[in-house]
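Chain residues, written in single-letter form:
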Amino acid sequence: MGIDSLRDLALAGVKWELSDAVTQHQKEILDNENSKTSTLNPKISATQSVAVPAKAPIDICAAKTVTADVEDIDALCRAIEDFNHPLKMFAKNTILPTGNGELLVITDAPSSDDDETGRILSGAAGEIFDKMVDAIGLSRKDITICPLVFWRAPGGRTPTDEELEIARPFTQKLIELLQPKMILTLGTLAMQQSSDLGSRFPFFSIPHPNYLILKPDSKKTAWEELQKLQKTLQNGENKV
């Protein structure tokens, strides 16, 4: 992180912990900035060194409380939009669940394309996904898509277990409201985080479209799984 970025955060009133990554020259500059900001915000000490921001608190109880009284998907989306998740401050957009179909697609964390557009499964990955569901006679209007977590992590890193856990009550509430006929996961992380749902719903898993772009040979396995999903869906419709 450069001096300009650190200075901006110091002016914003961010408290810091000392880090070896900050040079003595940087400390002198930032101590001077802190001296200036102390006149604007008395709570900031002029002697505080600026380096690494403290980790934001995570409280899964807050997410459970928020979702407890949600009665429909629109209200759930509003709750997600308003929720102060620790990743939210780093993301450009909140990526909400979309659609209202009986097939629920749970996908990995939002990509940089998703964060830019505010839309889940956008860019090249979205194009491949649309082609895959079209091949089994479906489109986005027939499905519901929900990311594991609704904000892109800094640098596109994998969300931590805590960050995933605090988002889980929202996904669980979506499943409760939607009562999908079956679930399809995209990506290893989505499969691992959702595997416990297999006992409650027909459960299918394929690689994330981004992986299919990097490893075209895996498309065959994905197509075979999608055909199983299509057959299960058709059999369910025939029983009605």
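Note: the structure precedes this text.
Procedures and definitions
Starting from 1, residues in each chain are numbered consecutively following that chain's sequence as written. Two thresholds apply to this predicted model, a pLDDT of at least 70 for residue-level local features and 80 or more for giving and counting side-chain atom pairs, whereas whole-chain, interface and lining totals are computed over all residues. The basis for every side-chain value is the complete set of heavy atoms in the structure, and neither hydrogens nor water enter the calculation. Helix and strand definitions here come from DSSP, where helices need a minimum of 4 consecutive H or I residues and strands a minimum of 2 consecutive E residues; each element is numbered from the N-terminal end. Exposure classes here rest on a 1.4 Å probe applied to the protein chains alone. A residue is buried below 20% of its type maximum, exposed above 50%, and partly exposed in between. Contact definition: two residues touch when any of their heavy atoms are within 4.5 Å. The method behind every accessible area is Shrake-Rupley, applied with a 1.4 Å probe, and residues are considered shielded solely by the protein chains displayed. Helix span is expected to be 1.5 Å times the residue number reduced by one. Here, the arc refers to the directions that run from the helix axis to the C-beta atoms. Lines fitted to C-alpha atoms define the axes, with helix axes restricted to the stretch in contact, and inter-axis angles between N-to-C directions lie between 0 and 180 degrees. If an angle is under 35 degrees, it is roughly parallel; if it is over 145, roughly antiparallel; if it lies from 65 to 115, roughly perpendicular; otherwise it is oblique. Crossing handedness is read from the near helix: turned anticlockwise from the far helix by less than a right angle, it gives a left-handed crossing, and turned clockwise, a right-handed one. Charged residues are taken to be Asp, Glu, Lys and Arg, nonpolar residues to be Ala, Val, Leu, Ile, Met, Phe, Trp, Tyr, Cys and Pro, and polar residues to be all remaining types, Gly included.

Enquirer: Before we go on, may I ask you to explain the overall build of the protein in this structure?
Expert: Looking only at helices and strands, the protein has 10 helices and 6 strands in total. In the protein, which comprises 240 residues, the share counted as buried stands at 41%. Across the protein, the fraction of contacts at a sequence separation of at least 24, relative to all contacts at a separation of at least 6, is 66%. Element-wise, carbon and sulfur atoms account for 50% of the exposed surface of the protein, whose accessible area totals about 13,200 Å².

Enquirer: Hey, could you run me through helix α6 (residues 123-135) in this one?
Expert: Along an α-helix, a turn takes 3.6 residues, which lines up residues three or four apart on a common side. Taking 1.5 Å as the rise per residue, α6 with 13 residues should run 18 Å; its terminal C-alpha atoms sit 19 Å apart, in good agreement. Considered for burial, the residues of α6 that qualify are Ala125, Gly126, Ile128, Phe129, Met132 and Val133. In an axial view of α6, the angular spread of the buried residues amounts to 165 degrees, which keeps them on one side of the axis. Of the residues in α6, the exposed ones pointing more than 90 degrees away from the buried face are Glu127, Lys131 and Asp134. Downstream of α6 by one or two residues, glycine 137 has phi in the positive range, about 80 degrees.

Enquirer: What should I look at first to understand the packing of helix α3 (residues 60-68) against helix α7 (residues 161-178) in this one?
Expert: Helix-helix packing is described using two parameters, namely the angle between the two axes and the distance between the axes. Packing of α3 against α7 brings their axes to within 7 Å, and their N-to-C directions diverge by 20 degrees. In terms of their interaxial angle, α3 and α7 are classed as roughly parallel. The chirality of how α3 crosses α7 is right-handed. Residues Ile60, Ala63, Lys64, Val66, Thr67 and Ala68 of α3 pack against Glu165, Ile166, Pro169, Phe170 and Lys173 of α7. Looking at side-chain class alone, the contact of α3 with α7 contains 7 nonpolar, 1 polar and 3 charged residues.

Enquirer: I would appreciate a short explanation of unusual backbone geometry in the present structure.
Expert: Of all residues except glycine, most have a negative phi; of all peptide bonds, most are trans. Phi is positive for leucine 121, close to 50 degrees, though the residue is something other than glycine. Assignment of secondary structure puts leucine 121 in the loop between α5 (112-117) and α6. One non-glycine residue with positive phi stands out, namely glutamine 179, at about 50 degrees. Here glutamine 179 shows up in the loop between α7 and β5 (182-186).

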